[in-house]
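Observations on the three-dimensional arrangement
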Amino acid sequence: MSDIQVKALAAMVKAPVDVLMRQLKRAGIEVSSPEDKITDAQKLMLLERIKNEASSGRTETVDNRNAGAGKITLKRATPGGAGGNDRKPQGVEVRRKKTIGLRNSESDAQADRAAEQRAETLARQAENDRRVREAVLEKAERERRELELQRIRRQKEAKEAVAQPPQPPQPPVMPEIITPVEPVAKTPVVPEVITPVEPVMPSVAAVEPELVAEPPAVERVVTPAPIKAEATEPDTAATATKETTNVSGLEQRQLVVDAARQEASDALKRRPSRAKPKQSLAPKQVIGLEEEEPVINPLPGLVSTDDDDTKRGEKKKIKTRGRENERGNTPVIQHKGNKRKPGRAPEREVKHGFEKPTAPVIREIEIPSTIIVSDLAQKLAIRATDIIKSMMKMGMMVTINQSIDQETAILVAEELGHKATPMQVMDDEAILASVLGDNSDVALETRPPVVTIMGHVDHGKTSLLDYIRKTRVASGEAGGITQHIGAYHVDTSRGTVTFLDTPGHAAFTKMRARGAQVTDIVVLIVAADDGVMPQTKEAIQHAKEAKVPMVVAINKIDKSQADVDRVLNDLSQVGVLTEEWGGDVPVVRVSAKTGVGIDELLETILLVAEVQELTAPVDVPAKGTVIEASIERGRGAVATVLIREGTLRKGDILLCGTQYGRVRALFDENGRSVKEAGPSIPVAVVGLSSAPEAGDEAFVVSDERKVREIAELRQEKQRDSRFAAQNTAKLDNLFSQMQTGARAQINLLVKADVQGSVEAIRSELLKLSTDEVEVRIISSGIGGMNESDIDLAAASKAIVVAFNVRADAGARRLAQDNDVEIRYYSIIYDVINDVRAAMSGMLSPETREVFLGLAEVRNVFRASGFGQVAGCLVVEGVVRRGNPIRVLRDNVVIFEGELESLRRHRDDVKEVQVGTECGIAVKDYNDVRVGDQIEVFEHVQVARSI
Ligand SMILES: Nc1nc2c(ncn2[C@@H]2O[C@H](COP(=O)(O)OP(=O)(O)OP(=O)(O)O)[C@@H](O)[C@H]2O)c(=O)[nH]1
């Protein structure tokens, strides 16, 4: 349906433009120039006008007409899928063709009118026939599809659908029939003769070239086969024409319609099996092919595999109908408007249709530790009310939002016929392992050693570092005492060394407790003028626990009171054998004040590091350890992280223990902003959700969701373990710590007001050790308890013995958090007794034998039911029934058993006192003789003490 310019129309109908314009004007269509466009409606008006003129003899002679252009053909195309209905076959059009013939005589005009009428008749006849056939075919198609669906269902049930796709009978193949413009006498649809200037019949030759010249304009006419048969028989057509010439138009039409109906019905009767799908599978004889005309592809999803044409959906058109009919092929039935294509609807039905399940669906689900009823319903794809009902039957009243435990949920799911299993919950470590990449194949690079300086207060740790770094950190500290850990990396001429300056800081203890080998080397600093002091010993303990190689730096050798030999002697006494004393611990004499020996110390450190072959991957996500953490005003949580491997960069997602966050900023030990930090480099990190704990492992993980999950799991775990820890390490519950067959240990950390007290308590407690329970003094010293003491106690699961000293607030809080027990004393004997009692609690109770009495056998006789009975006199204590006994002969035990019966005269008695006669039957023993003694005793449990 499109407008067309007048000149284009003139060219199309091969008429002069001016003639056409005049005709348009006469038809009431106003056109001013050949460029003007006319609509389809106007074209029809023009045709009507020309027709009328022709019938009234008022035809305009076309001056320039010639033999080859004696006919004007107008075509109107109607898209089959009009209205934009997507369900309609695309591109199918129904076109009507009108031929304007030019004629020059009245007789011709009459002949044309007759032909026109006959054509109309035949067209109507064809239409009626088509409808009838369509109805029959549709019915047959429905039946066929029903059968087909049944067959498919059966096949599905037999589970052969996948292996052998169903082979449905081919639905009627419906090739489109293109009706070529043929001589009127042979054409089923006779074109309307609008301008009968020339006779139509003689113009066959003229029409033929036009067909070739205008292939797109070829009419596609829905033409059922019977009509085709009719249409191809010129005689019949001629007869029909003759018969209808003498009747009125209306009657004539009615007659033709009736005849067409009859014909259609007869045709169907003659070929009743045409509607059968199988026949449609017959190969189609294609007389002429035109491209771009789709063949309706029936049921693509179920299409028969033996019909290649249909399977591939080849597009074919049959040019003539007569031959097709002869071969018994089913023609395509094209549907107008929104009528359903028989071959299409079942496709939708089969492909997308809902099939009711034939068997109940059994679902396999995993249930977490708890689940809400509605969630369970969703997992099972059932209504929550069904679950509630089922639980009611089981005696449980729940609501839709109620959380039920795993066991119950599994029970309910199984009750409802499904399979439920407990969900495997991954713990935080497993999740972490799953998100951490494998860096085993990444090249390793040498990394700087991490060195911890440890030693007693004021022995010169900070001064030593200060000298090394050439800065004066010590002078900036409050009171000149190191308040918190410092981490510095120092580039020396011999290489980079990372130093941790720690006054026995919590971080180091926790690191040791977690087994994290953050420190590669411990430098134990001992003042030459002071010797080995308590914190020196503690530092040694730390180093040994962490299994870290040690380098001894004897400091302050510039002082006059310096006594290196005494220091070496002291060290040997606390288990540190220096190289000079035949051990393997290197010793360097230094002065942090003058710088003497510092180079040698660095050299020694790097030598020890070299032996260790310290390497780490660099270009991987960072891993490290939190050295310390704090909340700072304006910056939030700040964590000092020592990178162990990989590189930490801004923007990384960092997980530190229970905390995580995206790294917003990085600072080196001098407070300068840095972009990244590599292995063995300490760096302050800003961006964590909260301050992590010193000693926490730090990981860069790309998956933020997983990081959050891990952090939440850890927080939960922390809460649980804190609760569980309430019952551990309690002094009174030490018995539970004892392991079968192993020597129990009681770990103590002793702090006292004066050194004398410490030594006294130490020596007394160590004396309490037995073969079964060992007393271990983890650490002892003077002064109040600080956090460092509590950390050490927590790491060693030790009890703190506080003699005339108290814990500071931080230590108390830490002790509470870590469930470390602190016992306060002011009398040494109380300390000893308490510890002894605790150790006693660790011993298994003792079973003791208690003598009850002795009876002498004076006579032996037999009694029915007891066998042998010994007539005795109780000579000592008391004899009781049911107790264990021993039979003694000449003071030698000859039998050990149980006293079965005890009688006095004829009565059973429970006990018989000394000086009284009685009858004793010994269970399972019949060899008692006169003169034997029967000893009666009992077993009692006695708590042991040390
Ligand atoms: N003569 C002399 N004095 C030193 C030497 N090393 C350190 N000192 C002094 O000893 C005092 C303590 O030094 P620090 O470096 O603060 O000792 P520290 O071990 O770090 O002490 P804390 O920070 O409390 O752990 C200071 O007054 C230093 O000047 C040395 O080699 N020779």
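Treat the numbers as computed from the prediction; the structure is a model and nothing was measured. Residue indices follow the written sequence of each chain, beginning from 1 at its first position. For a predicted model such as this one, the threshold for reporting local features is a pLDDT of at least 70, and the threshold for listing and counting side-chain atom pairs is 80 or more; totals across whole chains, interfaces and linings nevertheless cover every residue.

Another point: the environment of Gln 718. Tracing the sequence through the fold places Gln 718 in helix H22 (residues 704-724). Remark: the alpha-carbon pair of Gln 718 and Thr 658, spanning 60 residues in sequence, is separated by 8.6 Å. Counting from the N terminus, the helices are DSSP H or I runs at least four residues long and the strands are E runs at least two residues long.

Only the stretch in contact is used when a helix axis is fitted, and all axes are lines through C-alpha atoms; the angle between N-to-C directions ranges over 0 to 180 degrees. Packing of helix H24 (residues 787-796) against helix H25 (residues 809-818) brings their axes to within 8 Å, and their N-to-C directions diverge by 20 degrees. With respect to H25, the axis of H24 lies roughly parallel. The handedness of the crossing between H24 and H25 is right-handed. When H24 is examined against H25, the residues Glu 787, Asp 789, Ile 790, Asp 791 and Ala 794 are found in contact with a partner set consisting of Gly 810, Ala 811, Leu 814, Ala 815 and Asn 818. Just so you know how the angles are binned, under 35 degrees is roughly parallel, over 145 roughly antiparallel, 65 to 115 roughly perpendicular, and the rest oblique. Each crossing gets its handedness from the near helix: less than a right angle anticlockwise from the far helix is left-handed, clockwise is right-handed. A pair of residues counts as a contact when their C-beta atoms, built from backbone coordinates, are separated by no more than 7 Å.

Here we take up the sheet that holds strand S28 (residues 682-688). Pairing within the open sheet is antiparallel, and its eight strands lie in the order S24-S23-S29-S20-S21-S28-S25-S26. Here the strands that pair on one side only, and so sit at the sheet edges, are strand S24 (659-662) and strand S26 (673-674). As paired strands, strand S20 (residues 623-632) and strand S21 (residues 636-645) are joined by nine bridges and run antiparallel to one another. Within S21, the position partnered with Glu 628 by the bridge is Thr 640. When DSSP locates at least two bridges between a pair of strands, those strands are taken to pair.

Another point: helix H15 (residues 406-415). Turning to H15, its buried residues are Ala 409, Ile 410, Val 412 and Ala 413. For H15, the angular spread of buried residues about the axis comes to 165 degrees, placing them on one side. Opposite the buried face of H15, by more than 90 degrees, sit the exposed residues Glu 407 and Glu 414. Those residues of H15 that are buried lie in contact with strand S8 (364-367), strand S9 (370-372), helix H13 (373-380), helix H14 (384-393), strand S10 (403-405) and strand S11 (419-422). Three exposure classes are used, based on other C-beta atoms lying within 10 Å of a residue's own C-beta, which is placed from the backbone: buried for 20 or more, exposed for 12 or fewer, and partly exposed in between. Directions pointing from the helix axis toward each C-beta atom define the arc.

Moving on, we come to the pairing of strand S17 (residues 550-555). The buried fraction of S17 is high, at six of six residues. By the alternation rule, side chains of S17 split into Met 550, Val 552 and Ile 554 and Val 551, Ala 553 and Asn 555, which are all buried. Relative to S17, strand S16 (residues 521-527) runs parallel, the two being bridged by six bridges. Pairing of Val 523 across the sheet is with Val 551, part of S17. The handedness rule is simple: strands pointing away from the viewer, and a clockwise path from the first strand over the helix to the second, make the crossover right-handed. In terms of handedness, the path from S16 via helix H19 (residues 534-545) over to S17 forms a crossover that is right-handed. In this region the chain leaves S17, passes through helix H20 (residues 564-573) and returns to the parallel neighbour strand S18 (residues 587-589); the handedness of that crossover is right-handed.

Turning our eyes to something else, we now look at the pairing of strand S37 (residues 892-904). Two strands pair when backbone bridges link them, and strand S36 (residues 884-889) and S37 are joined in this way by six bridges, in the antiparallel orientation. By the bridge assignment, Arg 889 is partnered in S37 with Val 892. Linking S36 back to S37 in an antiparallel pair, the connection comprises two residues, with Asp 890 at a positive phi of about 55 degrees. The sheet contact formed by S37 and strand S38 (residues 907-908) spans two bridges and is antiparallel. Bridging from a neighbouring strand, Arg 904 pairs with Asp 907 of S38. Count of turn residues in the S37/S38 antiparallel hairpin: two residues, of which His 905 carries a positive phi of about 55 degrees.

Our next topic: the packing of helix H1 (residues 6-13) against helix H2 (residues 17-26). Close contact between H1 and H2 brings their axes to 9 Å; oriented N to C, the two are set at 110 degrees. In terms of orientation, H1 lies roughly perpendicular with respect to H2. Like other packed secondary-structure pairs, H1 and H2 cross with a definite hand, here right-handed. Residues Val 6, Lys 7, Leu 9 and Ala 10 of H1 pack against Val 17, Leu 20, Met 21 and Leu 24 of H2. Residue type decides the class: Asp, Glu, Lys and Arg count as charged, Ala, Val, Leu, Ile, Met, Phe, Trp, Tyr, Cys and Pro as nonpolar, and the leftover types, Gly among them, as polar. Residue composition of the contact of H1 with H2, grouped by class: seven nonpolar, no polar and one charged.

Attention shifts here to the nonpolar core. Counting 73 residues, the largest nonpolar core has Val 523, Leu 524, Val 552, Ala 553, Val 641 and Leu 655 as its most contacted members. No other element matches S16, which puts seven residues into this core. Three or more residues apiece are contributed to this core by two domains, here domain 3 (427-443 + 617-734) and domain 4 (448-613). Apart from residues no more than four positions distant in its own chain, Leu 655 is found in contact with Tyr 660, Ala 698, Phe 699, Val 701, Val 707, Ile 710 and Ala 711. Buried Ala, Val, Leu, Ile, Met, Phe, Trp, Tyr and Cys residues form a nonpolar core when they are connected through C-beta atoms within 7 Å. Marked domain ranges trace back to an automatic or database domain assignment.

Below, the discussion takes up the sheet that holds strand S32 (residues 799-803). Pairing is parallel across the open sheet formed by four strands, whose spatial order is S31-S30-S32-S33. In this open sheet, the two strands that pair with only one neighbour each are strand S31 (773-782) and strand S33 (822-825). The sheet shows a mean angle of 25 degrees between the axes of neighbouring strands, direction not considered. Bridge count for S32 against S33 is four bridges, and the pairing is parallel. By the bridge assignment, Val 801 is partnered in S33 with Arg 823.

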